[in-house]
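Results of the structural survey
Each chain, letter by letter, is given below.
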Amino acid sequence: MSGEEVLVCGAGITSFGRTEASGRQLAVQAVRSALADAGLPWSRVRAAYGGSDAAGNADTLVAELGLTGVPFTNVRNGCATGGSALVAAAHAIRSGAADVALAVGFDKHPRGAFDPRPADWGLDEAYGRDGLMVTTQFFAMKIQRYMHDHGISARTLALVAEKAYANGVLNPHAWRRKPLDADEILASGMVNDPLTRYMFCSPGQGAVALILCSREVARELGGTPVTLRAAVVRTRRFGSFEVFSPWAPPGTPTSVTADAAQHAFEEAGLGPHDIDVCQLQDTESGAEVMHLAECGFCEHGEQESLVPFGATGIGGSLPVNTDGGCIANGEPIGASGLRQVHEVVQQLRGRTGERQVPGDPSTGFTHVYGAPGVSACTVLTR
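Presented here is an overview of the structure given in this document.

On to the packing of helix α5 (residues 135-150) against helix α10 (residues 285-294), then. Running from N to C, α5 and α10 cross one another at 55 degrees; their axes reach a closest spacing of 10 Å. When the axes of α5 and α10 are compared, the pair comes out oblique. The interaxial crossing formed by α5 with α10 has left-handed handedness. Two secondary-structure elements touch here, α5 through Lys142, Ile143 and Tyr146 and α10 through Gly286, Val289, Met290 and Ala293.

Dropping the structure here:
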């Protein structure tokens, strides 16, 4: 994207997990927190984009925030909902259509696994009868193939989850705040081979809001804005094998994650080697392993030497999911992508307390992945 520079001048988040509050109430809380962080009133917002998967329409939030006539666009794009809202808000700033814009994502899912319907995804009912709408099966199949092809061990999967829970302990907004070691995780009961119970995230609830602004507005506000160097969304190309996209031709599959990451780095004029802290989609621990390579942070198979030796820990060479990721925070679909950006913004501001990455990080990357093969990535700099 070219045009006006885009900065994140306000960030707000609720606790993740389960509360009595509705999804909309959580969203209003997050928006008000982000506005307070930016030092702006709601009436100053010139465009808004947001959504959820199961908790209502984001545009109805104006009933509580204020009836200012602001153009408010609902976004619903699976796990990439938050990322898509952010891209739209960034476009509004870059194009000059708005000098202050809101991106908000929120959700409140019932207990238990997600319950998608095949017809909503363009699939025959037989796909559901065969059990393939159960996302745990898809993720297990994908990581099983990856482990076979690239020599990844089950213990490495457990160590990814161990790190997530350890980081969650340090995050007051996280849902899962109890440490678990790799042996406990491996012994927690097989869900779909090779993934055990504690390697998965859980559907949950939470909300995140970000206020974006132009450079001119940022100068007026002062504070500690963070530059949004790139924000992209991509869908799958021919040859991908994705959740709810059940067919792929022979050979090496294409990757929507790799496509989105590549475009984000090109847009930002940076590369994976420039990143100080990153957030990668970890719906289950195998996803983080695969996305490390697909986003360009290592070669396929190198995770087996990086993860066990702490490279992705808070004090490692590439800290990943410093807030505990989806595994510790849960997966409120509309909020997850923006939660990632919120964490990187706060890391670059130096505001994350016990989980602060050492060395004064100045660059960050986020990646979210969702059905049926959608990925959103951002690059941020201080």
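Our next topic: unusual backbone geometry. Between Asp193 and Pro194 the backbone carries a cis peptide bond, its omega angle lying at 10 degrees. Assignment of secondary structure puts Pro194 in the loop between β5 (190-192) and β6 (195-196). One non-glycine residue, Asn321, lies in the positive phi region at around 55 degrees. Turning to its location among the elements, Asn321 is positioned in the loop between α11 (303-306) and α12 (325-329). Located in the positive-phi region is Asp360, a residue other than glycine, with phi close to 55 degrees. Locating Asp360 in the fold gives a position in the loop between α13 (333-349) and β10 (363-370).

So, on to the layout of surface pockets. Its volume calculated, the largest pocket comes out at about 1,200 Å³. Ala113, Phe114, Thr135, Pro203 and Ile333 are the residues nearest the centre of the largest pocket, which is lined by 43 residues in total. Listed by contribution, the elements that provide at least two residues to the lining of the largest pocket are α5 and β10. Broken down by element, the lining of the largest pocket gets its largest block of residues, 3 residues, from α5. Classifying every residue of the lining of the largest pocket gives 23 nonpolar, 10 polar and 10 charged. Within this model, the second largest pocket holds a volume of roughly 450 Å³. As for the second largest pocket, its lining consists of 18 residues, of which Arg145, Tyr146, Thr252, Pro253 and Glu294 are closest to the centre. For the lining of the second largest pocket, the secondary-structure elements that each account for two or more residues are α5 and α10. Looking at the lining of the second largest pocket element by element, the count peaks at 6 residues for α5. Tallied by class, residues from the lining of the second largest pocket come to 8 nonpolar, 5 polar and 5 charged.

Considering all chains together, one arrives at 2 cavities of 30 Å³ or more under this definition. In this structure, the largest cavity encloses a volume near 90 Å³. Taken together, 15 residues line the largest cavity, and the ones lying closest to its centre are Lys142, Glu242, His291, Glu294 and Tyr369. At the level of elements, α5, α9 (256-268) and α10 are the ones that each hand at least two residues to the lining of the largest cavity. Examining the composition of the lining of the largest cavity, we find that 4 residues originate from one element, α10, more than from any other. Residues of the lining of the largest cavity, tallied by class, amount to 6 nonpolar, 5 polar and 4 charged. In this structure, the second largest cavity spans a volume of roughly 50 Å³. Every residue along the wall of the second largest cavity is listed here: Gly82, Gly83, Leu86, Gly337, Leu338, Gln340, Val341, Thr366, Val368, Ala376, Cys377 and Thr378. Elements with a contribution of two residues or more to the lining of the second largest cavity: α3 (81-95), α13, β10 and β11 (374-381). No other element matches α13, which puts 4 residues into the lining of the second largest cavity. Counted by class, the lining of the second largest cavity contains 6 nonpolar, 6 polar and no charged residues.

A few words on the pattern of salt bridges. For the structure on display, the rule yields 15 salt bridges. Across the pair Asp149 and Arg145 runs a salt bridge, and its minimum N-O distance is 3.8 Å. On the criterion of helical spacing, the pair formed by Asp149 and Arg145 is a turn pair, its members being 4 residues apart in helix α5. Classification of Asp149 as partly exposed rests on a relative accessible area of 45%. When the shortest N-O distance is used, the salt bridge between Asp183 and Arg155 registers 3.0 Å.

Phe297 and Phe365 are the most contacted members of the largest nonpolar core, which totals 52 residues. In terms of residue count, the dominant contributor to this core is helix α6 (residues 154-169) (7 residues).

Okay, the side chain of Ser375 next. Relative to the elements of secondary structure, Ser375 occurs in strand β11. Within polar-contact distance, the side chain of Ser375 engages the backbone oxygen of Val368 at 3.1 Å. Each residue touching Ser375, except ones within four places of it in the same chain, is listed here: Val232, Val233, Arg234, Val256, Thr257, Ala260, His367, Val368 and Tyr369.

Rules of the game
Residues numbered from 1 in each chain as written. Predicted model: local features only at pLDDT ≥ 70, side-chain atom pairs only at ≥ 80, totals over all residues. Heavy atoms only, no water. Axes fitted to C-alpha atoms, helices over the stretch in contact; angles between N-to-C directions. Helix = DSSP H or I, 4+ residues; strand = E, 2+ residues; numbered from the N terminus. Parallel < 35°, antiparallel > 145°, perpendicular 65-115°, else oblique. Left-handed = near helix turned anticlockwise from the far one by under 90°. Contact = heavy atoms within 4.5 Å. 1 Å grid on protein atoms, 1.4 Å probe; cavity = no way out; pocket = protein on both sides within 12 Å on 5 of 7 lines; lining within 4 Å. Points joined across faces, edges and corners; volume = space filled by probe spheres on them. Nonpolar A, V, L, I, M, F, W, Y, C, P; charged D, E, K, R; others polar. Salt bridge = Lys/Arg side-chain N within 4 Å of Asp/Glu carboxyl O. Buried < 20%, exposed > 50% of the residue type's maximum accessible area, 1.4 Å probe, protein only. Core = buried A, V, L, I, M, F, W, Y, C linked by side-chain atoms within 4.5 Å. Polar contact = N/O pair within 3.5 Å; in protein donor to acceptor, adjacent residues only side chain to side chain.

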